[in-house]
Amino acid sequence: MAVTALGLPSERVGGRRWSPEMVWGTIFVIPYVVVFLTLVIWPVAYGVWLGSGLASYRTLFSDPIYLKTVLNTAIFLGVGINLKLFLALLLSGYFASVRPWVRWLSVIFILPWAVPSIPTIFSFRWMLNSEWGMLNNLLWTLFGIEGPWWLVKPDYALGSVVFIHIWKYLPFWTLILLAGRMAIPTDLYEAARIDGASPLQQFWYVTWPQLKNLYITSLLLSTIWSLGDFNSVYLLTGGGPADKTHVLATLGIRYAFNLQQLGTGVATVMTALPILVPLVILLVRRLGGRVER
Amino acid sequence: MPRLARTALAATFLTAVSTQAFAQDLVVWWNKSYYPEEDQQFDKTVAAFEKESGINVEYVYYTNEDVPRKVLAALTAGDPPDLAYGFLFDLNHTSRWAYDGVLEDVSDVVEPIKEHLLPTAIQAVTLLNGQTNERSIYAIPVAQQVEHIHAWKSLVEQAGLSLDEVPGTWNEWWDWWCETAQPAVREATGDRQKYGVGQPMSSAASDTIFAYMMFLNAFDTKLVDEEGNLLVDQPETREGMIAALESYTKPYLDGCVPPGAVNWQDGDNNVNFKNQISFMVPNPSLSIPASEYAEKDRYLKQMVTLEWPDKPDGRPIEYITSIKTAVIFKDAQNKEAAKEFMRFFLQPENLGPQLEGALARWFPVDKRLIDTPYWQETDDPHRIVEVQQYTQRPQTVWPHYLNYKLIDVNAENAYGKAVGRVVLEDWSAEDAVDELIERIKQVAGS
Amino acid sequence: MSLGSPAIHDTIARTRPSTVRSGTFYAVRRVLSEGAFLLVGAAILIWTLLPIYHMVMLSLTPLSDSFAGRFWPENPTLENFRIVFAEDHFFLQDFWRQLGNSIFVALATMVMVLVVASLASFAIGRLKLRYGHVISNTALLTYLIPAAFVAIPFYVVMSDYGLLNSLWALIFAMSTFAIPYAIWVLRQYGDSVPFELDEAAKVDGATPLQIFYLVYLPLLRPALIAIGTYALLLAWNEYLYAFLLLSTEKQHTIPVAMGYFLVTDDAPWTLLMATAIIYSLPPAALYYAVRKYMVSGLTAGATKT
């Protein structure tokens, strides 16, 4: 009788050997396959079909706000992600410290990520209101200066969007990079200290080589997720003023649900594919490789 | 009777009964109102209808934005409700749905009461069907709203001014609020965050479109003719649009409009007015006073409703009216029942209390309802002005009732974008209007 | 350049500061660096808490003062919270029902994700299912598609399935996005659990089902807690899909209800903030309760090089 990896006896069923593991394995994996087919493949295929009409793209490209939206998305990703991860890198070093109060601080620091988006982003939105927001009021009463019109001037509005995005997701990435730091064996640091390395050298020769892969993976992952960040723009500015802070994610929803043009909505997010697909391929190679044994 | 036969008979009977019941169910999607009284009144009307007709009504309330969304999804799925009513239908959907041929011809509901309806209401529901290339009645007018102006009389008087001083003609009127009233109110209250003109400047609010349309009326500018042909290529139209846009954006550029107005959604101009950040505001429908109904002092004494100023040459301005429509879908299961329900609903004894429950936010389109003590013999200061605006002043309808393609221009709020070009990007009104005309031609021209 | 190499030691030796400083210098430097640490800490505290403080502050402000823009309300009050709990406002009429919806969606998502993902990762990782790596790689692919991008087709598909306005549409949506990540994390974590335990159980005559239940699940407990919490928080906080898929008030989850506050005439924003605080407490509390699992569970595998 043939024996499988786990050493269990297998039987012949229908000409092929079906071990108990294979039977059970197949059964166990069926729920996931059903979910995948009905809730992933079908909507994605349908989406591709919806977005395959040329007319939708013509409508999209002739819309005056499309170019600005692409530019906004580029700025949002370029500035937002790099700044966020850079800060996360720095802060992960900060939180790696053993001082007890730093531990407490790290517990508070996670709040922006753990608390739901709607209230926090709304709260921020009202803080920034030009007429009666807390921020401008503080600036006036404390320093006598008229605060800028945060959400009215398009550039400031985009800046505020980037800011709130970083505010919300910085804790998460700091945590990831911190965990990465924790995984670095301390004797490497010992060896460097014995050699008299300064903190900067320790970072460059010990920390960074170990963190580099994680950092790059995080960059890629964060880019993909931020492409889909709907809340930061929608809840803070609604895409305004005058549709000047839209990103591809919010523009797509606007077409589909406000203008009732589903095809154009899907086309909008499809235009992000040239960025999305290479990122996904890169990432699957980096992450998928580890899953193999 | 043998057991099997009995079971079969019971099964057949049950199936017949249940499909009968199912077939009798009228599916109604109704716009949720802003006040509990209005919704409660509708509940009562439905209950009365069910009792009288024996038809079971399955109705659900959706919000402003959701009704059209649900309808779109249902139409895509080929399964629309029987009857739907949305406050935003006429602004963004009705004439297009008529053109697309998805609406049921409801002449048999509207014709019998046609003599009682206002001409603007008839005009609003006589729409072009692209399939037959003929105009017919495809929607049912329920109520209407025009743009009103509200002001805080209390603040004006606190500043030592009187509303009697306000000039009557267009440019002088707007300038008074900005150059005379605003500094005086700011000084009297000591609050630098008081603005004389609460004008919506945002491309995210349909209020902006409503207000801009009034400005076009002030400058005698029409976007389409009576047949729906675009007039934007004509030089007089372009001149009129530029003058209107300049007049519209002047207060903001002069610092008399709250800066955040470029981000306002529908409802934000209400909010800013109620909190006295702005002390004069244009707004469609009487929703602002209605929301203060409980505060008698504020409602009756401090807040007033005003008429719009006259055109620059002194002639009275035409009010543009938005006729709220209910529609029945051609592919629905239960069209006859829907028609019966609407006939019942439109009867003055049902529709009257419905509109009264809305605290005068909506105005009737049926002369029989206008001619009632509620409207004619009231001492409610806001209602008095409202009646005057509707009955004593000329009215026009929205251009997109005549040419459905302009709905897309409304939907993307190209007018609000033009406003944004001027106030956010320092464009001249000419350039902004040229871009607007280009966009109108692109979207609606062919 | 790895740390053991002679080249690195040379570089360090070459570039290390050569001057020798006095004791006071080091003392001063320590004080300065402590001070810098504290300063950075204070900055982080302010940065993190400012919008949240504003939320709390607004929720304690009486309705009439909501536009004052003060730093601390003149007459702080708990009235807003009372109104929320008593459903005493037109827009809060279904608060408890909507809270119930949120709880149901969150718990159901958690259960669904845990069940589907643990079964699948066990099958792929432990039972060595043929083509298992295909499944886990395609799972990864899903994880990488931004949710906002599939919202539109997802909406239409849910309409086709007849699930619009049903809480299950939201549960399925949230599960779809959490399951791939869950499978991946569980597989990563499972890799660190030695295979010998499975074999030992098998020698004792255990069926795969028993191995799953008695060996796999208990050993993966930290990762399961992390994934369960992640799925729960994801569903609890979700706005976009809830907003698109649920329409009648009685079906709303709290985030959708909160969104509707924005589009009203009234703008009772102090009430909105009170609602928001009530809504934020459970996830924050849950997160703090399980935070040590979160770090180790979620980052397992991400940190392996």
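Since the model is a prediction, treat every value here as computed from it, not as a measurement.

The rules behind each value
- Residues numbered from 1 in each chain as written.
- Chains lettered and ligands numbered in written order.
- Predicted model: local features only at pLDDT ≥ 70, side-chain atom pairs only at ≥ 80, totals over all residues.
- Contact = placed C-beta atoms within 7 Å.
- Helix = DSSP H or I, 4+ residues; strand = E, 2+ residues; numbered from the N terminus.
- Nonpolar A, V, L, I, M, F, W, Y, C, P; charged D, E, K, R; others polar.
- Domains from an automatic or database assignment.
- Expected span 1.5 Å × (residues − 1).
- Bend = angle between axes of the 7 residues up to and from the residue.
- Buried ≥ 20, exposed ≤ 12 C-beta atoms within 10 Å, placed from the backbone.
- pLDDT = per-residue confidence, 0-100.
- Axes fitted to C-alpha atoms, helices over the stretch in contact; angles between N-to-C directions.
- Left-handed = near helix turned anticlockwise from the far one by under 90°.

Undergrad: I would appreciate a short explanation of the interface of chain B and chain C in the present structure.
TA: Interface size is commonly expressed as the accessible surface area that is lost when the partners come together. Counting from both sides, the interface comprises 19 residues of chain B and, opposite them, 15 residues of chain C. Of all the secondary structure elements, the ones that give two or more residues to the side of chain B that touches chain C are strand 2 (57–62), helix 3 (66–77), helix 12 (268–274) and helix 13 (287–291) of chain B. When grouped by side-chain class, the residues that make up the side of chain B that touches chain C number 8 nonpolar, 8 polar and 3 charged.

Undergrad: Mind showing me how you'd approach the domain arrangement of chain A here?
TA: Each domain of chain A was delimited in the assignment, giving domain 1 (1–50) and domain 2 (64–291). Taking only C-alpha atoms, the centre of domain 1 of chain A and the centre of domain 2 of chain A are 38 Å apart.

Undergrad: What exactly am I supposed to notice about helix 13 (residues 269–289) of chain C here?
TA: Helical geometry: 3.6 residues make up each α-helical turn, so side chains three or four residues apart lie on a common side. All names here are of chain C. Taking 1.5 Å per residue, 21 residues should reach 30 Å; helix 13 reaches 30 Å between its end C-alpha atoms and fits that length. Taking the largest bend as the criterion, helix 13 deviates by roughly 25°, centred on Ser 280, and proline Pro 282 comes between one and four positions later. Those residues of helix 13 lying buried are Trp 269, Thr 270, Leu 271, Leu 272, Met 273, Ala 274, Thr 275, Ala 276, Ile 277, Tyr 279, Ser 280 and Tyr 287.

Undergrad: What am I meant to see in the confidence of the model for chain A here?
TA: Regions with low pLDDT carry predicted coordinates that are not meant to be interpreted in detail. With 92% of its residues at a pLDDT of at least 70, chain A reaches an overall mean of 84. A low-confidence stretch, residues 1–12 of chain A (pLDDT under 50), is modelled with 23 contacts involving residues beyond four sequence positions or located in other chains.

Undergrad: I keep staring at the environment of Ile 140 of chain B and nothing clicks. Help me out?
TA: Residues and elements named next belong to chain B. Relative to the assigned elements, Ile 140 resides in strand 6 (residues 140–152). On a C-alpha basis, the gap between Ile 140 and Ile 122 in space is 9.1 Å, while along the polypeptide they are 18 residues apart. For Ile 140, the residues in contact, after removing those within four places along its chain, are Val 106, Val 109, Val 110, Val 125, Thr 325, Ala 326 and Met 342.

Undergrad: Sorry, what's going on with helix 2 (residues 23–59) of chain C here?
TA: Across its 37 residues, helix 2 of chain C extends 53 Å between first and last C-alpha, which sits within 8% of the 54 Å expected from 1.5 Å per residue. Helix geometry: helix 2 of chain C is bent most strongly at Leu 49 of chain C, by close to 45°, with proline Pro 51 of chain C lying one to four residues after it. When we look at burial in helix 2 of chain C, the residues that qualify are Ile 44, Pro 51, Ile 52, His 54, Met 55, Leu 58 and Ser 59 of chain C. Buried residues along helix 2 of chain C sit against helix 4 (100–109), helix 5 (111–114), helix 6 (117–127) and helix 7 (134–143) of chain A together with helix 3 (79–85) and helix 13 of chain C.

Undergrad: Before we go on, may I ask you to explain the packing of helix 1 (residues 20–50) of chain A against helix 7 (residues 167–191) of chain C in this structure?
TA: Packed helix pairs are characterised by how far apart their axes lie and by the angle those axes make with each other. Direction vectors running N to C along helix 1 of chain A and helix 7 of chain C enclose 115°, while the axes themselves pass 10 Å from each other. Two packed elements cross with a definite hand, and for helix 1 of chain A against helix 7 of chain C that hand is left-handed. Listed contacts from helix 7 of chain C to Tyr 32, Val 35, Leu 39 and Val 40 of chain A of helix 1 of chain A are Phe 172, Ser 175, Thr 176 and Ile 179 of chain C. Taken together, the residues that form the contact of helix 1 of chain A with helix 7 of chain C break down as 6 nonpolar, 2 polar and no charged.

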